[in-house]
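Overview (structure and organization)
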There are 4 protein chains.
Amino acid sequence: MVIILKKDAPKQDVDKLWHDIETQNIKIHEIIGSHTTIWGLIGDTHKIDMEAIEAREIVETVQRVQEPYKEVNRKFHPEDTVVTVGDTKIGGGNVTVIAGPCSIETEEQIIDTCLQVKAAGANMLRGGAFKPRTSPYSFQGLGDEGLRLFLKAKKATGLPIVTELMSLDHIDLFNDVDIIQVGARNMQNFEMLKELGKCNKPILLKRGLANTIEELLMSAEYIIAGGNTDIILCERGIRTFETQTRNTLDLSAIPVIKTLSHLPILVDPSHATGKYELVEPMSMAAVAAGTDGLIIEVHNNPQKALCDGAQSLTPKRFEKCMEKCAQIGNVMGKRVGTL
Amino acid sequence: MVIILKKDAPKQDVDKLWHDIETQNIKIHEIIGSHTTIWGLIGDTHKIDMEAIEAREIVETVQRVQEPYKEVNRKFHPEDTVVTVGDTKIGGGNVTVIAGPCSIETEEQIIDTCLQVKAAGANMLRGGAFKPRTSPYSFQGLGDEGLRLFLKAKKATGLPIVTELMSLDHIDLFNDVDIIQVGARNMQNFEMLKELGKCNKPILLKRGLANTIEELLMSAEYIIAGGNTDIILCERGIRTFETQTRNTLDLSAIPVIKTLSHLPILVDPSHATGKYELVEPMSMAAVAAGTDGLIIEVHNNPQKALCDGAQSLTPKRFEKCMEKCAQIGNVMGKRVGTL
Amino acid sequence: MVIILKKDAPKQDVDKLWHDIETQNIKIHEIIGSHTTIWGLIGDTHKIDMEAIEAREIVETVQRVQEPYKEVNRKFHPEDTVVTVGDTKIGGGNVTVIAGPCSIETEEQIIDTCLQVKAAGANMLRGGAFKPRTSPYSFQGLGDEGLRLFLKAKKATGLPIVTELMSLDHIDLFNDVDIIQVGARNMQNFEMLKELGKCNKPILLKRGLANTIEELLMSAEYIIAGGNTDIILCERGIRTFETQTRNTLDLSAIPVIKTLSHLPILVDPSHATGKYELVEPMSMAAVAAGTDGLIIEVHNNPQKALCDGAQSLTPKRFEKCMEKCAQIGNVMGKRVGTL
Amino acid sequence: MVIILKKDAPKQDVDKLWHDIETQNIKIHEIIGSHTTIWGLIGDTHKIDMEAIEAREIVETVQRVQEPYKEVNRKFHPEDTVVTVGDTKIGGGNVTVIAGPCSIETEEQIIDTCLQVKAAGANMLRGGAFKPRTSPYSFQGLGDEGLRLFLKAKKATGLPIVTELMSLDHIDLFNDVDIIQVGARNMQNFEMLKELGKCNKPILLKRGLANTIEELLMSAEYIIAGGNTDIILCERGIRTFETQTRNTLDLSAIPVIKTLSHLPILVDPSHATGKYELVEPMSMAAVAAGTDGLIIEVHNNPQKALCDGAQSLTPKRFEKCMEKCAQIGNVMGKRVGTL
């Protein structure tokens, strides 16, 4: 940590700050320039409260020189985390594909869609039982009945399932769910993150619409600090001024995160773009950028979908998308789905 | 709702869409131009799923012509909502001031700070018992012990208290809390909003960092749809590329919201800017822009604050801020706090 | 400047960087922590190229500890710059009001509007002869004929005029213009800034839609480095995801800029919001936030305006806006316009 | 165009607006709902000024239903534009690679770098003679001397050259330049665009940091409206809140633009990310997303570069990047550079 002091700071206040820091077992190196005094702090500065220091009138700015996350930091854990669910692995070299409808609607819809995505090469199934909808008047998901139908699809396909947890109150319903998804809007629901840190299931943590990569890693740090190391990150678009796409897919987040952290990172091109015709090119681009996996919305009848139809692929389009991604994966030396 | 069809759309698909819409009790007016066909839909289009229509290949775009919110819409409820808590009103003409520390730390700290903000003219007290912190290693608030201390401050001052609910699991602890705050990160925690729609306490709903005004109103619609009409909105800065301030305070949201909705709107200059020296000018600007209230962080010793010290006013600075705001309030024909 | 080195950087490369920096007459203080090595650089680090240092593989990050601007920095020039045009001053205590139509359309329109804004208390006139329009099919301004008509309005009112320079090729036409405006889209037109640094007229420099406050100050530094110290800054809204307003007016930029720089700062609520009904509340808020002036669009017949009618006030509304702002100015101890 | 009228709009004002529109040779279809009246306008609505209509008090909103650009619109010109420079084509199927240093520094540097990028498979050379720099104290480019050296590199390699025009005053120096680049900061320098519309050289138009895809296309429309149809678009990152990368590369812009327009679109991963280690993965992702070309910064000694060293590849790294991109290109059925 580096502290820049204001010019002409009263000696008495400076001495007090020096003393307050040193009593926290931190060593200070003072560098005096013509216009600025810099303090370099050495020791375990994680304990230091940056804001409390910035609150002092004698302080101009405080700058971190180390990342604020530890357990998810690749510096301290150089090897890739690989999350294993049944026979499927996420991270460590291949492109895992999770596919299925935005929301679970009927038994026929979910089983039919899931069988088709399996046939096209998906490793896992996605489907929403509890749906976060902007409007209270929109379809909110089938809830526990949806989970029940999703378990039938799990049985019918033999594939693991991923679904979103919207409230800790529902967690008992998630016993047979294989991966618990934390949606973009809950990325900083810290009470939820703390609880999931204590659970023994893998967590799929989606980046919030207005959250930096560093904040995403800090939210993962919440889960890992609780003891759960099976964390999968997911880039799903950030909010910008551009209106042609629902959000702006930040594919550079993939190589950035792979440098900063050992956790696997997936990409959700469906939610990021909001348009089915952009899913294939963005999936291919994500594979080329080094993603560990893809989450793709597929619906056996998008025009009848109760939510997010505009961004859902038909099974036929998904099949084509998988083939194209597999070819890119081939270049990367990675298997895409089960292809 | 207006639907723009693609040129050369197959007649069969067009007929099918027409039929699917009409069976929802909507009348379609078709306007045929040289390059475009426009359908104007008349009827209760709230039932219509825009995305399902956009999922049709024959559709170029779908545009709403009406706001997607009803109960919070000023068009249908022209009179200002006034939320009453004890003797204090929020909305309807004055500037209600809520002040107190970011987090409750000790009995001495919370009672001393609250007595001082009362003396300076605050109408209500704020203080955090459960704190949303980006880092799991930061102080997380005193929890129920914090609430207990806050109730002592309520008793000592006789002022109503506002505090943040971070999880529905804690709601039983909030019986004696006067206003429940939904933080920016929970603005789209829809399960929480649904529950709060059923409770009989006023809700202070903060705008999310990446949420539009329309989305803020849709989240309020969730609460009101549940039956709870005592909703107070709060602008607290949105996320932009600017780094001099923690967030960018969007003061134009005040007159915009007052046109669109009948709900009262407050401003939180402390969280928006993250810097104590900006709180006074932004508070004054908010009053001049027509705000119904202010939420201001005050700490009796900001340099010792366990969180957000950099943005907290000393009681002395708060007193001066109140005096300045009262002068602006005077111009607006509004009382600021109890001054 | 602070340099953070990567762990396990080869000694040879570290030595080379040390040597390369020291030969630039900079002293390095090395602080060695357990995970990080920090170099604090002392001396005139303006000469140092941060990016060239970051290009070295042994470097993790480089952080500035001083502002990159010098001449516009309040640290080195504590007193307010006051720009004088005829009898009118900008900066140094009052709220200067510049008003007039978006574009100059006819002699009757410009003279009538200007006489009315003068009567309502404006200090200066604004009007566009060369107009930056997103579409090549929109009205582009009357050009030199527009300037000619504007000079008639100057004569008729006796007030100084401000108008935008869109190309250096036009500069000879600006001899009788009192203040040259650099529009938001030209804030980083560095060739233009260099030329204007050599001219002897005050420059009104508008903040770009996607530019930080620091970049705005760096662009002002370009002008001042050329010798022209008469610079007036202008906040006019930044681009965000919010769509209710054309841009998001960043009023916190006012106190931030007044701390960082000695230059006067104005606010343009018309372009920032794009809606006439928001101009009055945002003007009042700007005055309360400490602005040195306002630029407001007024048109004697907004519905017939050839551009930006939606954001233009009628002379009657402008009069009311001025009265309200004058009342706020009264609280601030500032005169607003000639009221 | 669709106009939504306010409820209870006075009949007299409504009649006046109706008349004003009809006299512009536009037909209005009125649709009356319970809460809203919608007017659908049919005819050449390009002539209609949306803002003037919005300025009427009786109007709630005005919405376009057609794109505001015509000549660059794929709807009216379905076939891909292919820009030809010597033997090289941009657009129409392959991935054209333009490479070279950020700025031209010495004869040895530019010729050596250019020979190496040619050897690695580049089709064209890039290099800056006039450099847009945020700080007036940074290296501003060698100017005409830089152009002179660049022409030597052109001769030495036999490859076409691309360089940025920063001011129309310099255009006479660009006679032997093959493609004129309009930088991101000049994307809405409309006077420059108008002039370039009259010149007979291809224009490389970079997207501004805060500009939408629609605005990029409108700027291209300025050039094409002047008669110059040889336009190449370039995505180079937009400004967001994320700080790990200099800008956020918006790769979804590629398929979006290819749908909306017939113009070729390139990607500049160097400026978008600002970090050399991200150039290879983002180049590969761009090829997979369907880009028509890449612009990549290469410097024979990045640590000595006078600008943007941190984002420049060494010739060796560029060679590896080209090989990887060529493999992705192979999947796409496209040749990358001369490989």
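Note that the coordinates shown come from a computational prediction; the quantities given were computed from them, not determined experimentally. (Residues numbered from 1 in each chain as written. Chains lettered and ligands numbered in written order. Predicted model: local features only at pLDDT ≥ 70, side-chain atom pairs only at ≥ 80, totals over all residues. Heavy atoms only, no water.)

Re the overall build of chain A
A count of helical and extended segments in chain A gives ten helices and 14 strands. Across its three principal directions, the C-alpha atoms of chain A cover 75 × 45 × 40 Å. Relative to its full complement of 339 residues, chain A shows a buried share of 65%. Within chain A, residue pairs in contact and separated by at least 24 positions form 67% of the contacts whose partners lie at least 6 positions apart. The positive charge centre, built from 38 side chains, and the negative charge centre, built from 45, are 4 Å apart in chain A. (Helix = DSSP H or I, 4+ residues; strand = E, 2+ residues; numbered from the N terminus. Buried < 20%, exposed > 50% of the residue type's maximum accessible area, 1.4 Å probe, protein only. Contact = heavy atoms within 4.5 Å. Lys, Arg positive; Asp, Glu negative; His and termini not counted. Charge placed at Lys NZ, Arg CZ, Asp CG, Glu CD.)

Section: helix α10 (residues 315-332) of chain A
Across its 18 residues, α10 of chain A extends 25 Å between first and last C-alpha, which sits within 8% of the 26 Å expected from 1.5 Å per residue. Those residues of α10 of chain A not exposed but buried are P315, F318, C321, M322, C325, I328 and G329 of chain A. Seen end-on, α10 of chain A carries its buried residues on one side only, within an arc spanning 130 degrees. Residues K316 and N330 of chain A are exposed on α10 of chain A and point more than 90 degrees away from its buried face. Against the buried residues of α10 of chain A lie β7 (96-100), α3 (107-119), α9 (279-288) and β14 (293-297) of chain A together with α9 (279-288) and α10 (315-332) of chain D. Phi for G333 of chain A, located one or two positions after α10 of chain A, is positive at around 70 degrees. (Expected span 1.5 Å × (residues − 1). Arc of directions from axis to C-beta.)

Concerning the interface of chain A and chain B
Counting residues at the interface gives 52 residues for chain A and 52 residues for chain B. Around 4,400 Å² of area is buried between chain A and chain B when both sides are counted, 48% of it from carbon and sulfur atoms. There are four salt bridges connecting chain A and chain B. Across the salt bridge formed by E57 of chain B and R317 of chain A, the nearest N and O atoms sit 2.8 Å from each other. Listed by contribution, the elements that provide at least two residues to the side of chain A that touches chain B are α2 (50-54), α5 (190-198) and α6 (213-225) of chain A. Of the residues forming the side of chain A that touches chain B, the biggest block, five residues, is contributed by α6 of chain A. (Buried area = accessible area lost by both parts, 1.4 Å probe. Salt bridge = Lys/Arg side-chain N within 4 Å of Asp/Glu carboxyl O.)

Section: the interface of chain C and chain D
The interface of chain C with chain D comprises 52 residues on the first partner and 53 residues on the second. With both chains or domains summed, chain C and chain D bury close to 4,400 Å², and 48% of this area falls on carbon and sulfur atoms. Interface area lost by chain C to chain D is led by E51, Y137 and Q303 of chain C, which between them contribute 14%. Here chain C is connected to chain D by four salt bridges. Taking the shortest distance from any N to any O, the salt bridge between E215 of chain C and R239 of chain D comes out at 2.7 Å. Applying the counting rule to chain C against chain D returns 18 residue pairs in polar contact (both at pLDDT 80 or more). (Polar contact = N/O pair within 3.5 Å; in protein donor to acceptor, adjacent residues only side chain to side chain.)

Brief notes about the sheet that holds strand β13 (residues 265-267) of chain C
Sheet strands pair via backbone hydrogen bonds, and the direction of the pair is either parallel or antiparallel. Residue and element names in this part refer to chain C. The sheet built from eight strands closes into a barrel, its strands ordered β7-β8-β9-β10-β11-β12-β13-β14 with parallel pairing. Put simply, the sheet's adjacent strands are angled 25 degrees from each other on average, direction ignored. Where strand β8 (residues 124-126) meets strand β9 (residues 161-164), two bridges bridge the pair, whose relative direction is parallel. Bridge pairing in β9 places R126 opposite V162. (Pairing = 2+ DSSP bridges. Axes fitted to C-alpha atoms, helices over the stretch in contact; angles between N-to-C directions.)

Topic: the sheet that holds strand β7 (residues 96-100) of chain D
Residue and element names in this part refer to chain D. Around the barrel, which closes on itself, the eight strands sit in the order β7-β8-β9-β10-β11-β12-β13-β14 with parallel pairing between neighbours. Between one strand and the next, the sheet's axes are offset by a mean angle of 25 degrees, whatever the strand orientation. When strand β10 (residues 179-182) meets strand β11 (residues 203-206), the two strands line up parallel, connected through three bridges. Note on β11: the bridge partner recorded for I180 is I203.

Concerning the relation of the copies chain A and chain B
For the match of chain A to chain B, the screw axis carries a shift of 0.0 Å, the RMSD comes to 0.0 Å, and the turn is 180 degrees. This pairing of chains is accounted for by a two-fold axis. No C-alpha of chain A approaches the rotation axis more nearly than that of A210 of chain A, which lies at 2.7 Å. Counting the interface residues of chain A, we find that 100% of their copies in chain B are interface residues as well, pointing to one common contact surface. (Least-squares fit on C-alpha atoms with pLDDT ≥ 70 in both.)

Side note on the domain arrangement of chain A
Split into domains, chain A comes out as domain 1 (2-63) and domain 2 (83-332). The distance between the C-alpha centroids of domain 1 of chain A and domain 2 of chain A comes to 44 Å. (Domains from an automatic or database assignment.)

Digging into the state of the cysteines
Tallying each qualifying case throughout the model produces zero disulfides over all chains. Distance from the sulfur of C325 of chain A, which forms no disulfide, to the nearest cysteine sulfur (C321 of chain A) is 4.1 Å. (Disulfide = S-S within 2.5 Å.)

Details of the relation of the copies chain C and chain D
With an RMSD of 0.0 Å, the fit of chain C onto chain D corresponds to turning through 180 degrees and sliding 0.0 Å along the axis. Of the residues that chain C buries at the interface, 100% are likewise interface residues in chain D, meaning the two copies contact each other through the same surface.

Describing unusual backbone geometry
Of note, D8 of chain A is a non-glycine position whose phi angle comes to about 60 degrees, a positive value. Examined against the element boundaries, D8 of chain A turns out to sit in the loop between β1 (2-5) and α1 (11-22).

Observations concerning the environment of I161 of chain C
Residues and elements named next belong to chain C. Within the element layout of this structure, I161 appears in strand β9. On a C-alpha basis, the gap between I161 and A99 in space is 9.5 Å, while along the polypeptide they are 62 residues apart. Not counting residues up to four positions away in its chain, the partners in contact with I161 are L125, F150, L151, K154, D176, V177, D178 and I179.

Some points on the pairing of strand β1 (residues 2-5) of chain B
All names here are of chain B. By the alternation rule, side chains of β1 split into V2 and I4 and I3 and L5, which are all buried. Alignment of β1 against strand β3 (residues 37-42), held across four bridges, turns out to be antiparallel. When the sheet's bridge partners are listed, L5 is paired in β3 with T37.

What about the pattern of salt bridges?
This structure, assessed with the given rule, holds 80 salt bridges over all chains. Residue K154 of chain A pairs with D178 of chain A through a salt bridge whose shortest N-O separation is 3.2 Å. With K154 of chain A in helix α4 (residues 144-157) and D178 of chain A in the loop between β9 (161-164) and β10 (179-182), the pair connects residues that are 24 residues apart, well separated along the chain. Classification of K154 of chain A as partly exposed rests on a relative accessible area of 23%. Note that D268 of chain B and K206 of chain B form a salt bridge whose closest N and O atoms lie 2.6 Å from each other.

A short note on the packing of aromatic side chains
All names here are of chain C. Throughout the structure, instances matching the rule amount to twelve aromatic pairs over all chains. Between the aromatic rings of F190 and Y222, the centroid separation amounts to 4.8 Å while the plane-to-plane angle is 25 degrees, which identifies the pairing as stacked. Of this pair, F190 sits in helix α5 (residues 190-198) while Y222 sits in helix α6 (residues 213-225), and the two are 32 residues apart along the sequence. Accessibility expressed as a relative area gives 3% for Y222, which makes it buried. (Phe/Tyr/Trp six-rings, centres within 6.5 Å; stacked < 30°, edge-to-face > 60°.)

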